[in-house]
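Here is how the chains run, residue by residue.
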Amino acid sequence: MQRWPRQRLDERTNSHLFEFLAGEGRWGIPDPDGDFGPQPIDARKARLSDIVQETGAKTIHYLYDFGDSWDHVIKLEKCSTTRR
């Protein structure tokens, strides 16, 4: 399972919903019942580098824990072509 920035920094257990917003796209965990409007792209199948490449975004908004609304801004300062 890929862990996202907030979960990794705070050793979260992926027990809260989260969403990345870049350009016109939204990445998160889709609602299995589809009850909450348009679904985000499944973040479990994406990397942040892919989101940057697909959208050309230099800024990504990261919303963690929809109840507490921890809103973070990720700004791309430098891009490396090295892949791990």
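Here the structure is a predicted model, which is why all the values come from computation and not from measurement.

Draft legend 1. Looking closely at the overall build of the protein. Along the backbone of the protein there are 2 helices and 5 strands. Counting helices and strands in the order they occur from the N terminus, the protein gives α-β-β-β-α-β-β. Partitioning the contacts of the protein with sequence separation of at least 6, the portion at a separation of at least 24 is 46%. As presented, the protein carries roughly 6400 Å² of accessible surface, and 51% of it is formed by carbon and sulfur atoms.

Draft legend 2. Layout of the packing of aromatic side chains. Applying the stated rule across the entire model yields 4 aromatic pairs. For the pair Tyr-62 and Tyr-64, a centre-to-centre distance of 6.4 Å together with 40 degrees between the ring planes defines the contact as tilted.

Draft legend 3. Summary view of the sheet that holds strand E3 (residues 41-42). Across the sheet, 5 strands lie side by side as E3-E2-E1-E4-E5; this open sheet has mixed pairing. Only two strands of the sheet have a single partner each, and these edge strands are E3 and strand E5 (70-75). Note: strand E1 (residues 18-22) against strand E4 (residues 59-64), 4 bridges, orientation antiparallel. Note on E4: the bridge partner recorded for Leu-21 is His-61. The sheet strands contacting helix H2 (residues 48-55) are E1, strand E2 (25-28) and E4, and the helix crosses E1 at an angle near 30 degrees.

Draft legend 4. Quick peek at the pattern of salt bridges. Counted according to the given criterion, the structure contains 2 salt bridges. Glu-19 is the salt-bridge partner of Arg-26, the closest N and O atoms lying 2.9 Å from each other. With its nearest N and O atoms 2.9 Å apart, the salt bridge here joins Arg-44 to Asp-42.

Draft legend 5. Spotlight on the nonpolar core. Within the largest apolar cluster, 11 residues are counted, these being Phe-18, Phe-20, Ala-22, Trp-27, Ala-43, Ala-46, Ile-51, Ala-57, Ile-60, Tyr-62 and Tyr-64. For this core, the secondary structure elements donating two or more residues are E1 and E4.

Procedures and definitions
Residues numbered from 1 in each chain as written. Predicted model: local features only at pLDDT ≥ 70, side-chain atom pairs only at ≥ 80, totals over all residues. Heavy atoms only, no water. Helix = DSSP H or I, 4+ residues; strand = E, 2+ residues; numbered from the N terminus. Contact = heavy atoms within 4.5 Å. Areas by Shrake-Rupley, 256 points an atom, 1.4 Å probe, with all protein chains shown as cover. Phe/Tyr/Trp six-rings, centres within 6.5 Å; stacked < 30°, edge-to-face > 60°. Pairing = 2+ DSSP bridges. Axes fitted to C-alpha atoms, helices over the stretch in contact; angles between N-to-C directions. Salt bridge = Lys/Arg side-chain N within 4 Å of Asp/Glu carboxyl O. Core = buried A, V, L, I, M, F, W, Y, C linked by side-chain atoms within 4.5 Å. Buried < 20%, exposed > 50% of the residue type's maximum accessible area, 1.4 Å probe, protein only.

Without other data, these values stay purely geometric and don't point to any function.
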